[in-house]
Amino acid sequence: MGKVLDDTRSIKSKENIYNALLMSSLEQGAERITITYIMKKAEISRSTFYRHFSSLDDVIQFKLQETVEQLFEFFKIKGKPHKSDKYLLLYPTLVFFRNRIDLLRLLINLKETDTLKQVLYSNLKQVNKKLLKAEKQVDVEDFYLENCSSSIVTLLVLWTKTGMSQSPEELSLAINNAKAVSYTHLTLPTKRIV
């Protein structure tokens, strides 16, 4: 992941590199992005790039980690669930990512949505551990956290692909009002064994 350099110049360089990656994805297409092209776009030297990152994947990892940390900070401020939100933090998550559609499009173009799932899962796991330590909640199984992360990212990808045509309120309400799927009425064909 990105190397830890927190002075103002380093932070600005990292953001410039990420923005260059974003622009490169739009201009070049995901398959043709190179570090050299990003360096030219960001107007930095090779040594500056490698001072902060060891690969393009590190740039994505850096931005995702930063974004998910911001998401959890956003939860602290606006994390009260919408009154009809059975899924608790779905609505604030949609509100948060509505303003980050470029990042979501980049992840889709680069086929890196699994990286977002991993970062989200990792952060959910850390929050769960902190809550357990503070004895504010019972242990949530990893399986549940993985499913939650996967569901959120799948929803974000689908929402992005439709141009976020529904507002966070409409989408949250639609999902919360969806009926649970029942498979009891389905009959599966049985294969005759001869």
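The following refers to the structure shown.

The rules behind these values
- Residues numbered from 1 in each chain as written.
- Predicted model: local features only at pLDDT ≥ 70, side-chain atom pairs only at ≥ 80, totals over all residues.
- Heavy atoms only, no water.
- Helix = DSSP H or I, 4+ residues; strand = E, 2+ residues; numbered from the N terminus.
- Buried < 20%, exposed > 50% of the residue type's maximum accessible area, 1.4 Å probe, protein only.
- Contact = heavy atoms within 4.5 Å.
- Core = buried A, V, L, I, M, F, W, Y, C linked by side-chain atoms within 4.5 Å.
- Expected span 1.5 Å × (residues − 1).

Attention shifts here to the overall build of the protein. Helix and strand content of the protein: nine helices and zero strands. The order of helices and strands in the protein, counted from the N terminus, is α-α-α-α-α-α-α-α-α. Classification of the 194 residues of the protein by burial places 39% in the buried group. Put simply, of all contacts in the protein between residues at least 6 apart along the chain, 64% involve residues at least 24 apart.

Position of Ser 24 relative to the elements: it lies in helix α1 (residues 8-28). Overall, the relative accessible area of 0% leaves Ser 24 in the buried class. Look past the residues within four positions of Ser 24 in its chain and what remains in contact with it is Gly 29, Ile 33, Tyr 37, Ile 38 and Lys 41.

For Ser 25, the position within the fold is in helix α1. Since its relative accessible area comes to 5%, Ser 25 is described here as buried. Setting aside residues up to four positions removed in sequence, Ser 25 forms contacts with Ala 30, Ile 33, Leu 106 and Asn 109.

With that settled, consider the nonpolar core. Among the nonpolar cores identified, the biggest contains 48 residues, and Phe 49 and Leu 120 are the most heavily contacted of them. Mapped by element, the contributors of at least two residues to this core are α1, α2 (35-42), α4 (56-78), α5 (90-98), α6 (101-109), α7 (113-133) and α8 (142-161). Top contributing element to this core by residue count: α4, with nine residues.

This brings us to α8. An ideal rise of 1.5 Å per residue puts 28 Å on 20 residues; α8 measures up with 28 Å between its terminal C-alpha atoms. Turning to α8, its buried residues are Leu 145, Ser 149, Ile 152, Val 153, Leu 155, Leu 156, Val 157, Trp 159 and Thr 160. Phi turns positive one or two residues past the end of α8, at Gly 163, with a value near 70°.

Right, let's talk about unusual backbone geometry for a bit. Among all residues save glycine, negative phi is the norm, and among peptide bonds the norm is trans. A positive phi is found at Glu 43, a non-glycine position, where the angle reads about 55°. Summarising the element assignment, Glu 43 is placed in the loop between α2 and α3 (46-52).

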